[in-house]
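# A structural walkthrough
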Amino acid sequence: MKYLILPKSEEPRQLPFYFAVEEYVARTYTDDDYFFIWQVEPTVMLGRNQLIENEVNTGYCQEHGVHIFRRKSGGGCIYADLGCMQFSYVSDAANVSEIFPRYMETVADVLRSVGINAERSGRNDILVDGRKVAGSAYYRIGKRSVLHNSLLFSTTLDHLSQALNVPKEKLQSKGVASVKQRVNNIADYLSISIDEFISHARRYFCGDNVRILTPHDMGQIAEIERYLASPEFVYGKNPRYETVRKMRFADAGTIEAYIELKNNTIVNINFVGDYFLSGDIDTELIAPLRNQPFTREAVTEALRNTDVPSVVRGLTIDRLLRLLFGRPPHVMKPDWLKIKLGGKRTVSETAGILNQHQLNTICASGLCPNRNECWAARTATLMIGGEVCTRNCRFCNTLSGHPKPLNPEEPQQVAATVKELGLRYAVITSVDRDDLPDYGADHWVKTIEAIGKVNPDTRIEVLLPDFMGRADLLKRVLDTRPFVAGHNIETVRRLTPSVRSVAEYDRSLEVLRIIANHGISAKTGFMVGLGETDAEIEQTMDDILATGCRRLTIGQYLQPTSRHLPVRAYIHPDKFREYRDIALAKGFEHVESGPLVRSSYHAERGAGK
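Numbering of residues starts from 1 in every chain and runs along the sequence as written. Only residues with pLDDT of at least 70 get local features here, since the model is predicted, and only at 80 or more are side-chain atom pairs given and counted; chain-wide, interface and lining totals rely on the full set of residues. As a convention, hydrogens and water are excluded, and side-chain values are obtained from all of the structure's heavy atoms.

### With respect to helix 8 (residues 194–206)
The condition that has to hold: What counts as a helix is a DSSP run of H or I of at least four residues, what counts as a strand is a run of E of at least two, and both are numbered from the N terminus. By this rule the span expected of a helix is its residue count minus one, scaled by 1.5 Å. We call a residue buried when its accessible area falls under 20% of the maximum for its residue type, exposed when it is over 50%, and partly exposed in between, using a 1.4 Å probe and counting protein chains only. Our arc is simply the arc of the directions from the helix axis toward the C-beta atoms. Contacts are assigned to residue pairs that have any heavy atoms within 4.5 Å of one another.
The end-to-end C-alpha separation of helix 8 is 18 Å, in line with the 18 Å expected for 13 residues at 1.5 Å each. For helix 8, the set of buried residues is Ile194, Phe197, Ile198, Ala201, Phe205 and Cys206. Around the axis of helix 8, the buried residues are gathered within 135° of arc, so they sit on the same side. Facing away from the buried surface of helix 8 by more than 90 degrees, the exposed residues are Asp195 and Arg203. Contact partners of the buried residues in helix 8: strand 1 (2–5), strand 2 (34–38), strand 6 (84–91), helix 4 (96–113) and strand 10 (144–152).

### A look at the nonpolar core
The test is simple: Note on terminology: a nonpolar core comprises buried Ala, Val, Leu, Ile, Met, Phe, Trp, Tyr and Cys residues joined through side-chain atoms within 4.5 Å.
Core analysis: the largest hydrophobic core is formed by 83 residues, its most contacted members being Val44, Met85, Phe87, Ile186 and Phe197. Leave out the neighbours within four places in its chain, and phenylalanine 197 touches Met85, Phe87, Val110, Leu111, Val114, Leu151, Phe153, Ile186, Leu190 and Ile192. Core analysis: the next-biggest nonpolar cluster, separate from the first, contains 49 residues, Val477, Met541, Ile554 and Ile571 among them.

### Section: the packing of aromatic side chains
Test applied: When two rings of Phe, Tyr or Trp (its six-membered ring) have centres within 6.5 Å they constitute a pair, described as stacked for plane angles under 30 degrees, edge-to-face for angles over 60, and tilted for the intermediate range.
Taken as a whole and judged by the stated rule, the model has 18 aromatic pairs. Ring geometry for phenylalanine 17 versus tyrosine 18: centroids 5.0 Å apart, planes at 80°, classification edge-to-face. Both residues of the pair, phenylalanine 17 and tyrosine 18, belong to the buried class. Ring plane angle 40° and centroid distance 5.3 Å describe the contact between tyrosine 138 and phenylalanine 276, whose orientation is recorded as tilted. Of this pair, tyrosine 138 sits in strand 9 (residues 131–141) while phenylalanine 276 sits in the loop between strand 14 (265–273) and helix 11 (281–289), and the two are 138 residues apart along the sequence. Taking relative accessible area as the criterion, phenylalanine 276 reaches 1% and is therefore assigned buried. Among the aromatic residues, those joined into a cluster by ring pairs are Tyr3, Phe35, Phe87 and Phe205.

See below:
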């Protein structure tokens, strides 16, 4: 990577100049990756697809001499001044969505290299002590990716908080009441000047490698700068519209659809907001929608061949449909889908034993439809690590938020419960503990070892989290030699981003591969009724088999509450029997498939003698 040396200027350069440098270098110099750091006078910087009246306090900016310009990348509106550094990185990376997290991590590493405990957060933030110090954005120019980062060093936070119109819902999503509560300067943590930090960051990224821009380069850059500084580019983004739809998605941003209709046909449509573009929105998303009936079915068909997340980061076809048309019509639960409540005394006895030992179960937290049946048979899936999960998957009813510290007595409590219930086959799962350095792996080890010591004849099945892909942590747990180790794939590849909050399809496959390669029987499960196709289900089966996993559960997704994903279809029991036959024919050794099947349902079946 080379550092760009810009000729000195007698007059202060405005923001369009630096964006022109990015664009020119991306189109002209393709021999290497390039990086440079710059600063500007007080400026509000709009994302490519944002409306000025929504985002900027224009009166305050005019009164205090704050410039207003627009950039070509997506993301939100930001404030910058001479106490704020802008990092520009031009890369050959083909997949900008893939390189973006690595770039953010490198910026965080620069801060760590000077003793600041920085961490990535959400889709594009870097935090120090829970407050934002940097944000990132990206866009594509031809075959090159341009990424930039705004880093607060000694920024005037009063200007920042008053020059921007930040929606209350965005602040609430971050758990703060004002912008000043959300951001902080890194100068508070350093004893060096901003110039010294810039020199350090330059060496960190590029060492001594440089490219000096020539007078010819500067002439070409000036042409691009004129357009980026023009009122047409800065102010000419307001779309015509008759209908407006607006929604905020946690990992995509706030998106507004401005729709011009004639006889309920889409004449034109535009999307504004702080989202990030990964593809060409005009040709891949907007063009297919023009002249289409404004109905859920017509939009779905028009985008049948469009990979929506590859155009707008974090946006799926389901989310787009919800933005345009609201929640889909409710699918009525069929008469044949009945849950047997039962009334055996052992149900209350099992519940009493669990309460006595103050243990959590996925049976209760997940609203499992089979819990009475299982509790009547003195079986339960014990959930360790607390009752609060750090993730927020849209299918799961387990509490989400900031969990309490681990209970050091829990491993012994679980072992005692297994003994008191007289379990010869115990199933253990956990919440995700992404807040812990080892993601809860050591707690898992202690629990499995405690169960084995107190219950030497009990077979143990574990349903593991993904430990964020850390193979060393997974292997540490597997070294305790559980009888079966499971990890659920949950849904097909296409639906994974909209169903699971942090987990990744390929990461889950790798977890199953590690389990199988460790010589332990691997097990997984997925839900149906979320909008998947038969072809996607068979592909998921093939992907699972390729890992070495041979045990599978397939069940009907049931919407826990109105806040969760709606059921797209109720799958008939005959279809579940067909899925079972297909899976067995493909090579699975044991398959549980039915509307009420869950990952731990009849877990002891097919486990061998």
